[in-house]
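Fold and geometry: a report
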Amino acid sequence: MTNKELALTAITDVFVNRDITAFDRYFSENYKQHNPGFPNGTEFLKQVVPTFPDDFKYQPGIVAETGNFVMIHGRYENWSGKNMIAVDIFKIENSKITEHWDVLQEEVLAEQSANGNAMFPIE
């Protein structure tokens, strides 16, 4: 499995399938988190995922890979009551996700933007 395939499978299993066992399969025991709202490790995330509302959805978009890094542009629907567009960045070593960064922005619909372009999906 390529790094790109691993990251996409992991994020899909966690956020689409809500399978918390994916953390044990795809994430390192020493998983380092760079989002300031989340602690290192996967234990906190294992507690958060089951609390997502029924109408929470995740949609991956563009996936790019460079060396040990994979970036996924995605849409989180009903993330704490808001739709968020994100770029998740994963570092992968020895077939495990070892680090994560993200950039999140509240979604603005095309008809509400200054340029008339949608933030997601990218066509």
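Summarised in this report is the structure supplied together with it.

Next up on the list: the overall build of the protein chain. Of the regular secondary structure elements, the protein chain holds three helices and five strands. Listed N to C, the secondary structure of the protein chain is α-α-β-α-β-β-β-β in terms of helices and strands. For the protein chain, the C-alpha radius of gyration of 15 Å lies close to 14 Å, the compact-globule estimate for 123 residues. In terms of overall dimensions, the protein chain has C-alpha extents of about 45 × 35 × 25 Å along its principal axes. Per-residue burial for the protein chain yields a buried fraction of 39% across its 123 residues. Taking as baseline every contact in the protein chain between residues at least 6 positions apart, the subset at least 24 positions apart corresponds to 41%. Counting every atom, the protein chain has about 7,200 Å² of accessible surface; 50% of that belongs to carbon and sulfur. Within the protein chain, the 18 negative side-chain charges are centred at a point lying 3 Å from the centre of the 10 positive side-chain charges.

Grouped together as the largest cluster of nonpolar side chains are 27 residues, with contacts concentrated most on Phe 15, Phe 27, Ile 72, Tyr 76 and Ile 97. Of all elements in the fold, only helix H1 (3-15), helix H2 (22-26), strand E1 (27-33), helix H3 (43-48), strand E2 (57-66), strand E3 (69-79) and strand E4 (82-93) reach the threshold of two or more residues within this core. For this core, the leading source of residues is H1, giving six residues. With near-sequence residues (within four places) excluded, Tyr 76 lies in contact with Ile 11, Phe 15, Phe 56, Lys 57, Tyr 58, Lys 82, Asn 83, Met 84, Ala 86, Asp 88 and Leu 104.

A few words on the side chain of Asp 88. Examined against the element boundaries, Asp 88 turns out to sit in strand E4. This buried residue, Asp 88, is left without a salt bridge; Arg 75 holds the nearest opposite charge, at 13 Å. Here Tyr 76 takes part through its side chain, which lies 2.7 Å from a polar atom of the side chain of Asp 88. Those residues in contact with Asp 88 that sit more than four places away from it in its chain are Ile 11, Val 70, Met 71, Ile 72, Tyr 76, His 100, Trp 101 and Asp 102.

Where E2 lies against E3, eight bridges are found, and the strand directions are antiparallel. Paired with Tyr 58 across the strands is Tyr 76, a residue of E3. Here E2 folds back onto E3 in antiparallel fashion, the turn holding two residues, of which Gly 67 has a positive phi close to 60°. Where E3 lies against E4, nine bridges are found, and the strand directions are antiparallel. Among the inter-strand pairings, Gly 74 is bridged to a residue of E4, identified as Ala 86. Count of turn residues in the E3/E4 antiparallel hairpin: two residues, of which Ser 80 carries a positive phi of about 55°.

Another point: the environment of Val 108. Structurally, Val 108 is set in the segment after strand E5 (96-106). With relative accessibility at 32%, the residue Val 108 sits in the partly exposed group. On a C-alpha basis, the gap between Val 108 and Gly 67 in space is 32 Å, while along the polypeptide they are 41 residues apart. In contact with Val 108, other than residues within four places in its own chain, are Ser 113 and Met 119.

Rules of the game
Residues numbered from 1 in each chain as written. Predicted model: local features only at pLDDT ≥ 70, side-chain atom pairs only at ≥ 80, totals over all residues. Heavy atoms only, no water. Helix = DSSP H or I, 4+ residues; strand = E, 2+ residues; numbered from the N terminus. Rg over C-alpha atoms; globule rule 2.2 N^0.38 Å. Buried < 20%, exposed > 50% of the residue type's maximum accessible area, 1.4 Å probe, protein only. Contact = heavy atoms within 4.5 Å. Areas by Shrake-Rupley, 256 points an atom, 1.4 Å probe, with all protein chains shown as cover. Lys, Arg positive; Asp, Glu negative; His and termini not counted. Charge placed at Lys NZ, Arg CZ, Asp CG, Glu CD. Core = buried A, V, L, I, M, F, W, Y, C linked by side-chain atoms within 4.5 Å. Salt bridge = Lys/Arg side-chain N within 4 Å of Asp/Glu carboxyl O. Polar contact = N/O pair within 3.5 Å; in protein donor to acceptor, adjacent residues only side chain to side chain. Pairing = 2+ DSSP bridges.

In short, the description is geometric, and any link to function would need to be established separately.
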